[in-house]
Amino acid sequence: MGTVGDAEKKPTVVFVLGGPGSGKGTQCANIVKHFGYTHLSAGDLLRAEMKSGSENGDGLYVLSCNVLFGHVVWCCVRFWNFYSVCPDLVREHLVILLLVVYRTMIQDMIKEGKIVPSEVTIKLLQKAMQDSGNDKFLIDGFPRNEENRAAFEAVTKIEPAFVLFFDCSEEEMEKRILSRNQGREDDNIETIRKRFKVFLESSLPVVKYYDSKGKVQKVDAAKSVDEVFEVVKVIFTPKDEKVAV
Ligand SMILES: Nc1ncnc2c1ncn2[C@@H]1O[C@H](COP(=O)(O)OP(=O)(O)O)[C@@H](O)[C@H]1O
Ligand SMILES: Nc1ccn([C@@H]2O[C@H](COP(=O)(O)OP(=O)(O)O)[C@@H](O)[C@H]2O)c(=O)n1
Ligand SMILES: [Mg+2]
């Protein structure tokens, strides 16, 4: 594939949206098996980043534009006195401190059901797209707000082919999340309520935006996994391969 954000050959991107627990990840796994897409879950990428930290330190610059900046400056000033004595040690400690702060920021935001700044998520998505070697992507759980949407478009210049939207009641989503059993820190009733609120207030407007452009494929996600996939399959099957009924 061309470099992400390249003008030459744009990859095919399908945004997979829906409330927490609507079945995005489950259906993406099925789509991958049948249609050769690479599945990129924004939430999974953030959780991996939170656990491992940034290998190349790319995420560090993000700190300068968020509320943690003050904390970093404070730490720099404290270290300054030692710098003249032992500059390498101080520099190493600062890098470790910044990585810890960066990881903690992601962890705290996920625990609170908040949306992580776009710079972080988009960098992770771009890297995963480049590393995949594929040119067809299911981007699951992104964009989750207007900031995500506008920043992705501005940075990558990629417009989604369409948006797959899983429509499901809160009651059903809550039931599913509470029995998901993946040990996620945000799968508890308190955070679930916050995530539902964020979904209604910030994510649904993104779905509406794409709907106004005629790009949304809405699926009733309250049915069984197999029934939902039957509908999804039709959406992904190229028009010329669909059998006329
Ligand atoms: N159609 C469905 N009916 C019942 N349970 C489902 C269905 N789709 C997914 N699940 C289950 O619900 C939970 C949430 O699904 P998941 O794919 O992780 O949703 P999301 O990624 O949208 O949060 C998982 O435990 C999954 O096995
Ligand atoms: N675009 C995104 C996607 C997820 N996230 C964070 O990651 C959390 C989990 O996202 P997820 O997509 O794995 O959750 P589900 O909808 O799959 O349950 C969200 O509640 C946000 O805190 C984010 O900040 N920005
Ligand atoms: Mg998911």
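Note that the coordinates shown come from a computational prediction; the quantities given were computed from them, not determined experimentally. (Residues numbered from 1 in each chain as written. Chains lettered and ligands numbered in written order. Predicted model: local features only at pLDDT ≥ 70, side-chain atom pairs only at ≥ 80, totals over all residues. Heavy atoms only, no water.)

Participant: Quick question: what am I supposed to make of the site of ligand 1 here?
Facilitator: For ligand 1, the set of nearby residues contains 13 residues, the closest of which are Gly21, Lys24, Thr26, Arg180 and Lys223. Note that an oxygen atom of ligand 1 is positioned 2.9 Å from one of the side-chain N or O atoms of Lys24. When isolated, ligand 1 has an accessible area of 560 Å², and the protein chains bury 75% of it. The dominant element in the shell around ligand 1, judged by the number of residues it contributes, is helix α1 (residues 24–35), at 3 residues. For the shell around ligand 1, a count of residues per class yields 2 nonpolar, 7 polar and 4 charged. (Near = heavy atom within 4 Å. Polar contact = N/O pair within 3.5 Å; in protein donor to acceptor, adjacent residues only side chain to side chain. Areas by Shrake-Rupley, 256 points an atom, 1.4 Å probe, with all protein chains shown as cover. Helix = DSSP H or I, 4+ residues; strand = E, 2+ residues; numbered from the N terminus. Nonpolar A, V, L, I, M, F, W, Y, C, P; charged D, E, K, R; others polar.)

Participant: Would you explain the UniProt feature "binding site: ATP" (unreviewed entry) in the chain in this entry?
Facilitator: The UniProt feature table records "binding site: ATP" (unreviewed entry) at Gly21, Ser22, Gly23, Lys24, Gly25, Thr26, Arg180 and Lys223. Relative to the assigned elements, Gly21 resides in the loop between β1 (12–18) and α1. When near neighbours in sequence (up to four residues on either side) are disregarded, Gly21 contacts Met173, Arg176 and Ile177. Tracing the chain through its elements places Thr26 in helix α1. The class for Thr26 is partly exposed, based on a relative accessible area of 42%. (UniProt positions renumbered as here; feature names shortened; annotations may be inferred. Contact = heavy atoms within 4.5 Å. Buried < 20%, exposed > 50% of the residue type's maximum accessible area, 1.4 Å probe, protein only.)

Participant: So what exactly am I meant to see when it comes to the side chain of Asp140 here?
Facilitator: Among the secondary structure elements, Asp140 is positioned in strand β3 (residues 136–140). Despite its burial, Asp140 pairs with no opposite charge; the closest candidate is Lys24, at 4.9 Å N-O. Polar contacts involving the side chain of Asp140 include one to the side chain of His39, which spans 2.8 Å. Leave out the neighbours within four places in its chain, and Asp140 touches Val16, Lys24, Gly25, Cys28, His39, Leu40, Ser41 and Ala42. (Lys, Arg positive; Asp, Glu negative; His and termini not counted. Salt bridge = Lys/Arg side-chain N within 4 Å of Asp/Glu carboxyl O.)

Participant: Can you help me understand helix α6 (residues 118–132) in this one?
Facilitator: Since one α-helical turn is 3.6 residues long, residues separated by three or four positions face the same way. For α6, built from 15 residues, the straight-helix expectation of 21 Å at 1.5 Å per residue is met to within 8% by its first-to-last C-alpha distance of 21 Å. Taken together, the buried positions of α6 are Ser118, Val120, Thr121, Ile122, Leu124, Leu125, Gln126, Ala128 and Met129. Backbone geometry just downstream of α6 places Gly133 in the positive-phi region, at approximately 75°. (Expected span 1.5 Å × (residues − 1).)

Participant: Is there a simple way to think about the pattern of salt bridges in this case?
Facilitator: Enumeration over the complete set of coordinates arrives at 21 salt bridges. Across the pair Lys215 and Glu159 runs a salt bridge, and its minimum N-O distance is 2.8 Å. Taken as a pair, Lys215 in the loop between α9 (189–212) and β5 (216–220) and Glu159 in the loop between α7 (146–156) and β4 (162–167) lie far apart in primary sequence, 56 residues in all. Of the residues examined, Lys215 reaches a relative accessible area of 19% and is grouped as buried. Residue Glu159 is classed as partly exposed on the basis of its relative accessible area of 33%.

Participant: Which parts of the structure should I look at to understand the sheet that holds β4?
Facilitator: Hydrogen bonds between backbone atoms are what pair the strands of a sheet, whose relative direction is either parallel or antiparallel. With parallel pairing, the 5 strands of this open sheet are ordered in space as β2-β3-β1-β4-β5. Strands with a single pairing partner mark the edges of an open sheet, and in this sheet they are β2 (38–41) and β5. Direction aside, neighbouring strands of the sheet carry axes that sit 20° apart on average. Sheet topology places β2 next to β3; 4 bridges connect them, and they run parallel. Directly across from Leu40, in β3, lies its bridge partner Ile139. Each of β1, β3, β4 and β5 is contacted by helix α10 (residues 225–236), which is oriented at about 170° to β4, the strand it contacts most. (Pairing = 2+ DSSP bridges. Axes fitted to C-alpha atoms, helices over the stretch in contact; angles between N-to-C directions.)

Participant: What is the right way to read unusual backbone geometry from this model?
Facilitator: Phe142 connects to Pro143 through a cis peptide bond whose omega is 0°. For Pro143, the position within the fold is in the loop between β3 and α7. Unlike most non-glycine residues, Lys157 shows phi in positive territory, near 60°. With respect to the helices and strands, Lys157 occurs in the loop between α7 and β4. Of note, the phi angle at Asn181 is positive, near 60°, even though the residue is not glycine. With respect to the secondary-structure elements, Asn181 resides in the loop between α8 (170–178) and α9. Residue classification places Asn181 among the exposed positions, given a relative accessible area of 75%.

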